[in-house]
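A structural walkthrough
Spelled out from the first residue to the last, the chains are:
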Amino acid sequence: MKNKENIHLERQLLDEAKIAKNYAYAPYSGFQVGAAIHTKSGKIYRGCNIENAAFSATNCAERTAIFKAISEGDTEIDAIAIVSSADDVTYPCGVCRQVMSELMPEATIYFEDAKGNPVVSSVKEVMPFMFDNPIPNTKK
Ligand SMILES: [Zn+2]
């Protein structure tokens, strides 16, 4: 559902994600990704990918933004925008999809390719079968 408020949020988040992309630390891949999330409190948190010589220590833009919000106690995330230096839309990796499924399951996802073509999706759409911890009594 695209109403005026959603279109404004989509544009604002995509613009913030592009700013975040400029801060990407990607000396190994040269692939810059920016993300921006919106929380129900009204705040926006940016994230970029941060690579490391030990590749497994690399963190994606999406998780950088999500973890910034969570670490500030701002836990109700309702939207995320994701952009990259690639020509095509960049969809989140499997790890980020899992994190988004647990921490922002109802969120809308805004993408945009290099030409400005938008794609609107949701966490439920990109991660229809999330892993949920089957161990009893582990949730707060
Ligand atoms: Zn990722």
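Whatever comes next refers back to the structure up there.
Residues take numbers from 1 onward in each chain, read along the sequence in its written order. This being a predicted model, a pLDDT of at least 70 is required before a residue's local features are given, and a value of 80 or more before pairs of side-chain atoms are given or counted; all residues contribute to the totals for chains, interfaces and linings.

Focus on the sheet that holds strand β3 (residues 77-84)
- Strands pair, by our definition, only if DSSP identifies at least two bridges between them. Helix and strand assignments follow DSSP, with helices taken as H or I runs no shorter than four residues and strands as E runs no shorter than two, numbered in order from the N terminus. Here we have five strands laid out as an open sheet, ordered β2-β1-β3-β4-β5, and mixed in their pairing. Bordering the open sheet on either side are β2 (44-48) and β5 (118-122), each of which pairs with just one other strand. For this sheet, the mean inter-axis angle between neighbouring strands, taken without regard to orientation, is 20°.
- Examined bridge by bridge, β3 and strand β4 (residues 108-112) share four bridges and lie parallel to one another. Think of each axis as a best-fit line through the C-alpha atoms, taken over the contacting stretch in the case of a helix, with angles from 0 to 180 degrees between the N-to-C directions.

Here we look at the environment of I77
- Tracing the backbone shows I77 in strand β3.
- Burial is judged by counting the other C-beta atoms within 10 Å of a residue's own C-beta: 20 or more makes it buried, 12 or fewer makes it exposed, and any count in between marks it as partly exposed, with every C-beta position built from the backbone. You can call I77 buried: it has 24 C-beta atoms within 10 Å.
- As for I77 and I66, which are separated by 11 residues in sequence, their C-alpha atoms are 8.1 Å apart.
- Two residues qualify as a contact pair if the distance between their C-beta atoms, derived from the backbone, is within 7 Å. With sequence-adjacent residues up to four places away left out, I77 is seen in contact with I37, T39, I66, A69, L103, M104 and A107.

So, the packing of helix α2 (residues 61-71) against helix α3 (residues 94-103)
- Direction vectors running N to C along α2 and α3 enclose 30°, while the axes themselves pass 10 Å from each other. Between α2 and α3, the crossing angle belongs to the class labelled roughly parallel. In the crossing of α2 with α3, the sense of the turn from one axis to the other is left-handed. Together, E62, R63, I66 and I70 of α2 and C96, V99, M100 and L103 of α3 make up the contact between the two elements. If an angle is under 35 degrees, it is roughly parallel; if it is over 145, roughly antiparallel; if it lies from 65 to 115, roughly perpendicular; otherwise it is oblique. What makes a crossing left-handed is the near helix being turned counterclockwise from the far one by less than a right angle; a clockwise turn instead makes it right-handed.

Some remarks on the pairing of β4
- Buried residues dominate β4, accounting for five of its five residues.
- Across the two faces of β4 the burial is the same, with T108, Y110 and E112 and I109 and F111 all buried.
- Crossovers are described as right-handed under a simple rule: with the strands pointing away from the observer, the path leading from the first strand over the helix to the second runs clockwise. Crossover β3 to β4 through α3 is right-handed.
- Connecting β4 to the antiparallel partner β5 that follows it, the hairpin turn spans five residues, and G116 within it adopts a positive phi of roughly 90°.

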